[in-house]
Amino acid sequence: MRTDLFDFELPEDLIALHPVEPRDASRMLVVNPGNNSAQHFTDAAARDLVSFLKPGDALVFNDTRVIPAALEGVRETIRTEGGTQATPSIDVNLHRRVAPDVWRAFVRPSKRLREGDVVRFGSDTSALRATILDKATGGEVGLRFDQSGNGLDAAVAQLGQMPLPPYIAAKRPADADDASTYQTVFAEKDGAVAAPTAGLHFTEGLLADLEARGIKRVGVTLHVGAGTFLPVKAEDTVDHQMHAEWGEVTPEAADQLNTIRANGGRICCIGTTSLRLIESAADEAGRIEAFADETAIFITPGYRFKATDILMTNFHLPRSTLFMLVCAFAGLETMQAAYAHAVQQRYRFYSYGDATLLFPADKPTRA
């Protein structure tokens, strides 16, 4: 499909730079394309989620935990005809671990980096160093560190900062609050370099209300990569290359979800990361299998959803793979109208912004 079909105008002042407090006070636009009404949209709040679900439904949360994957380093030497000279700082955002001592990363500036160059993070006496293994398109490089495993994890935790999305980081630096506000309340497993942001709307109080309603909770893990923020530059979606992310659906989680659906419950994925993982783990009949692998699933209109009945997610960027996914779920024209409504009603966009609750066009919407 043409990528310009997924473009829209967004006023810059609707990009949320900080979250609301409390988290469940954020607004939530409910999109009901299958409710046989001319008005598909309901303006609600995240704390109202319980009223749109029924006992026996299940929420699927991504329990990944964001690591401080934004690093600032320097190249130890720059080769010139006259010798060596000092190097300007290099911004590094880790996005996917491929070995105990190797990460894929996005770096800026990248043009002058060469294979074999060494980047130093921290002071010279207690530095973490990495060698450039290769360079790919879009500023991506491979980095082999001089530490490995838990030692590398500890060094990154000491030297790194919370990797805010580029549309926030360009407007303000990370602060002390981001260490907690950019984590979900159910974050458990270290490995993500971006938050599963739909989960940021949940509080312990909202979770208690959902449990009291008889709505089940199932955790899965997808370590979100920084590639989630990359715009689609190709003119046609078929030419876009997705970055792989590692995910796991345990046998226990798969059994829970299959039992819930067999008993008439609906699966509500909290975030596109949970949805992409569940759809990667499901067979053609909609049965969810245990899964522990990388996924680069790219969902665009025309995709047949196998296991997801409801989706709660944030408002996404124009021309992004995530906006394409929600258009696939609820319909392109419906989501174009929904986003126009959101702009007109001044919903807050992106990671720290408001939420949408989406139902597909061909299924009933209310409990």
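All values derive from a computational prediction rather than experimental measurement.

About the thresholds
- Residues numbered from 1 in each chain as written.
- Predicted model: local features only at pLDDT ≥ 70, side-chain atom pairs only at ≥ 80, totals over all residues.
- Heavy atoms only, no water.
- Buried < 20%, exposed > 50% of the residue type's maximum accessible area, 1.4 Å probe, protein only.
- Helix = DSSP H or I, 4+ residues; strand = E, 2+ residues; numbered from the N terminus.
- Pairing = 2+ DSSP bridges.
- Phe/Tyr/Trp six-rings, centres within 6.5 Å; stacked < 30°, edge-to-face > 60°.
- Lys NZ or Arg CZ within 6 Å of the ring centre and 35° of its normal.
- Contact = heavy atoms within 4.5 Å.
- Axes fitted to C-alpha atoms, helices over the stretch in contact; angles between N-to-C directions.

(A) Examining the pairing of strand β16 (residues 267–270) more closely. Here β16 shows no split at all, with Ile267 and Cys269 on one side and Cys268 and Ile270 on the other all buried. Pairing of strand β3 (residues 58–62) with β16 involves 3 bridges; the strand directions are parallel. Across the sheet, the residue bridging to Ala58 is Ile267, located in β16. Examined bridge by bridge, β16 and strand β18 (residues 310–314) share 3 bridges and lie parallel to one another. When the bridges of β18 are listed, Cys268 appears paired with Ile310.

(B) Quick look at the packing of aromatic side chains. Summed over the entire model, instances satisfying the criterion amount to 18 aromatic pairs. Judged by centre distance (5.0 Å) and plane angle (85°), the ring pair of Phe61 and Phe202 falls under edge-to-face. With Phe61 in strand β3 and Phe202 in the loop between β13 (189–192) and α4 (204–212), the pair connects residues that are 141 residues apart, well separated along the chain. Grouping residues by exposure puts Phe61 and Phe202 together as buried. Where Phe186 meets Phe202, the ring centres are 6.2 Å apart and the plane angle is 65°; that geometry is what we call edge-to-face. A residue pair is termed long-range when its members are at least 10 positions apart, and Phe186 in the loop between α3 (178–181) and β13 and Phe202 in the loop between β13 and α4 qualify at 16 residues. Classification of Phe186 by relative accessible area gives buried; the value is 8%. Of the aromatic side chains, those joined through ring pairs into one cluster are Phe6, Phe8, Tyr167, Phe315, Phe323, Tyr339, Tyr347, Phe349 and Tyr350. Stacked on the ring of Tyr347, the Lys or Arg Arg27 has its end atom at 3.9 Å from the ring centre.

(C) Local environment of the environment of Ala69. Take Ala69: it is sitting in the loop between β4 (64–66) and β5 (70–75). As for Ala69 and Ala192, which are separated by 123 residues in sequence, their C-alpha atoms are 8.5 Å apart. Beyond its immediate chain neighbours, meaning those up to four positions away, Ala69 contacts Val92, Asn93, Leu94, Gln161, Pro163 and Val193.

(D) Molecular detail of unusual backbone geometry. In this structure, the amide linkage connecting Glu21 to the following residue, Pro22, adopts the cis form with an omega of -10°. With respect to the element layout, Pro22 can be found in the segment before β1 (27–31). Omega for the bond connecting Arg108 with Pro109 falls within 30 degrees of zero, at -15°, which places this linkage in the cis form. Tracing the sequence through the fold places Pro109 in the loop between β9 (102–108) and β10 (118–121). Its identity is not glycine, yet Arg346 carries a phi of approximately 60°, on the positive side. Note on placement: Arg346 falls in the loop between α8 (332–344) and β19 (355–358).

(E) Geometry of the sheet that holds strand β8 (residues 89–99). Pairing is antiparallel around the closed barrel formed by 6 strands, whose spatial order is β5-β8-β9-β12-β11-β10. Strand-to-strand twist in this sheet, taken as the mean axis angle between neighbours without regard to direction, amounts to 45°. One ladder, built from 3 bridges, connects β5 with β10; its direction is antiparallel. In the strand pairing of β10, Val74 is matched with Arg120.

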